[in-house]
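# Topology and contacts: notes
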Amino acid sequence: MSYTLHRGDALTVMKTLPDESVDAVITDPPYNSGGRTSSERTGRTARAKYVTSNSAHDLATFPGENRDQRSYRSWLTELLTEAYRASTEHAVAIVFSDWRQEPTTSDALQMAGWTWSGTIPWIKPASRPRKGGFKQSAEFITWGVKGSLAKGRDLYLPGHFIASQPRKGRVHITQKPVEVMQQLVQICREGGTVLDPFTGSGSTGVAALREGRRFVGVELSSHYADVAEQRLRAELTQDDVALAGPEA
């Protein structure tokens, strides 16, 4: 298997991808959430939103967290429209969101042409309790299909996941568990190509390579692109790697 890691803006890179060149889109975009007011959602860094002040780690923040919800839906719709164009028939798109952005994420998915097929909860046992109310212990995975699911695949995946965020060796604020991602990438046909426009620390790519899929990633943050490249290289030999430079 091989990977290509683009360094640059997701939408800019997506517009350069050939038609019908990827078999699944699995991504965790910046949620542009995490605040009670518009100023809290758009005026704070990702680290300020999603990391408690007494946190033991000092992981770097990431860009793209300054859109209000209307702008977020417009931007995500355009990005998922490009993903739709670049995807083969029967491809599946999988998009992470939190409880605030799950409705607008499903809107964007459908506006881009995908057939919305469900919402999968990812339950995090280690999440903090909420005094006087219900614990916010889940994120959500909205998924859709280009056309219809491919017939004839002997594949049965779970409808929910239970896993905590990585603790040992954690390298990203919103890092997803590789064991969850390895199950998600199986929605891509064997030997096919998984696209992640928001590669972050590279967990989707690592999972794809481990499951025998090719990977195309895009990352705007130079810091996290370096982290992702190190993790992806560790999965492969030097000869398997294809790199792409910054996009204009």
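In the nomenclature of an unreviewed UniProt entry, the chain corresponds to Methyltransferase from the organism Streptomyces microflavus. Under the heading Sequence similarities (unreviewed entry), UniProt records this for the chain: "Belongs to the N(4)/N(6)-methyltransferase family."

Turning next to the nonpolar core. Inside soluble globular proteins, nonpolar side chains tend to come together where they are buried. Counting 30 residues, the largest nonpolar core has Tyr3, Ile26, Ile94, Ile141, Phe161 and Leu184 as the members making the most contacts within it. The set of elements that each furnish at least two residues to this core consists of β1 (3-7), β2 (22-27), β3 (87-97), β4 (115-123), β5 (138-145), α6 (178-184), α7 (203-210) and α8 (222-235). Sequence-distant contacts of leucine 184, that is, excluding residues within four places in its chain, are made with Ile26, Ile94, Phe96, Ile141 and Phe161. With 23 residues, the next largest nonpolar core counts Ala10, Ala112, Phe198 and Val216 among its residues.

What follows concerns the packing of aromatic side chains. Going through the model one piece at a time under the given rule, you end up with 4 aromatic pairs. Ring geometry for tyrosine 72 against tryptophan 75: centres 5.9 Å apart, planes inclined by 40°, an arrangement best described as tilted. Residue tyrosine 72 and its partner tryptophan 75 are located together in helix α4 (residues 69-86), separated by 3 residues, close to a single helical turn. Here tyrosine 72 and tryptophan 75 have matching classes, each one buried.

Time to look at the pairing of strand β7 (residues 193-196). What you see with β7 is no split at all: Thr193 and Leu195 on one side and Val194 and Asp196 on the other are buried throughout. Judged from the 2 bridges that link them, β2 and β7 form a sheet pairing that is parallel. When the sheet's bridge partners are listed, valine 25 is paired in β7 with leucine 195. Across 4 bridges, the pairing between β7 and strand β8 (residues 214-219) is parallel. The residue bridging valine 194 from the neighbouring strand is phenylalanine 215, located in β8. After leaving β7, the chain enters α7 and then returns to the sheet as β8, a path that is right-handed.

Attention now goes to the pairing of β2. Taking burial as the measure, the 6 residues of β2 include 6 buried ones, the bulk of the element. As judged from the 5 bridges shared by β2 and β3, these two strands associate in the parallel manner. For isoleucine 26, the partnering residue across the bridge sits in β3 and is isoleucine 94.

Turning our eyes to something else, we now look at the pattern of salt bridges. Under the counting rule described, the total for this entry stands at 13 salt bridges. Residue glutamate 139 is joined to lysine 124 by a salt bridge in which the shortest nitrogen-to-oxygen separation is 2.7 Å. On the criterion of sequence distance, the pair formed by glutamate 139 in strand β5 and lysine 124 in the loop between β4 and β5 is long-range, its members being 15 residues apart. We note that glutamate 139, like lysine 124, is buried. Several salt bridges share partner residues, and in doing so they unite Arg7, Asp226, Glu229 and Arg233 into one network.

Okay, α8 next. Helix length check: α8, at 14 residues, gives a terminal C-alpha distance of 20 Å against a target of 20 Å (1.5 Å per residue), a fit within 8%. Considered for burial, the residues of α8 that qualify are Tyr224, Ala225, Val227, Ala228, Glu229 and Leu232.

Cut-off values and rules
- Going along each chain's sequence as written, the residues are numbered from 1 onward.
- Totals for whole chains, interfaces and linings use all residues, but because this is a predicted model, local features are given only for residues with pLDDT of at least 70 and pairs of side-chain atoms are given and counted only at 80 or more.
- Calculation of side-chain values draws on the structure's entire complement of heavy atoms; hydrogens and water are dropped beforehand.
- UniProt positions are given in the numbering used here, feature names are shortened, and annotations may be inferred rather than shown by experiment.
- To define a nonpolar core, start from buried Ala, Val, Leu, Ile, Met, Phe, Trp, Tyr and Cys residues and group those joined through side-chain atoms within 4.5 Å.
- With a 1.4 Å probe rolled over the protein chains alone, any residue whose accessible area is under 20% of its type maximum counts as buried; one over 50% counts as exposed, and the rest are partly exposed.
- Helix and strand assignments follow DSSP, with helices taken as H or I runs no shorter than four residues and strands as E runs no shorter than two, numbered in order from the N terminus.
- In what follows, residue pairs with any heavy atoms lying within 4.5 Å of each other are defined as contacts.
- We call Phe, Tyr and Trp rings a pair once their centres come within 6.5 Å, taking the six-membered ring for Trp, and we label the pair stacked below 30 degrees between planes, edge-to-face above 60, and tilted otherwise.
- Any two strands between which DSSP finds at least two bridges are classified as paired.
- By definition, the crossover connecting two strands over a helix is right-handed if that path, from the first strand to the second, turns clockwise as seen with the strands pointing away from the viewer.
- Salt bridge, as applied in this entry: a Lys or Arg side-chain nitrogen positioned within 4 Å of an Asp or Glu carboxyl oxygen.
- Here the expected length of a helix is defined as 1.5 Å per residue gap, with one fewer gap than residues.

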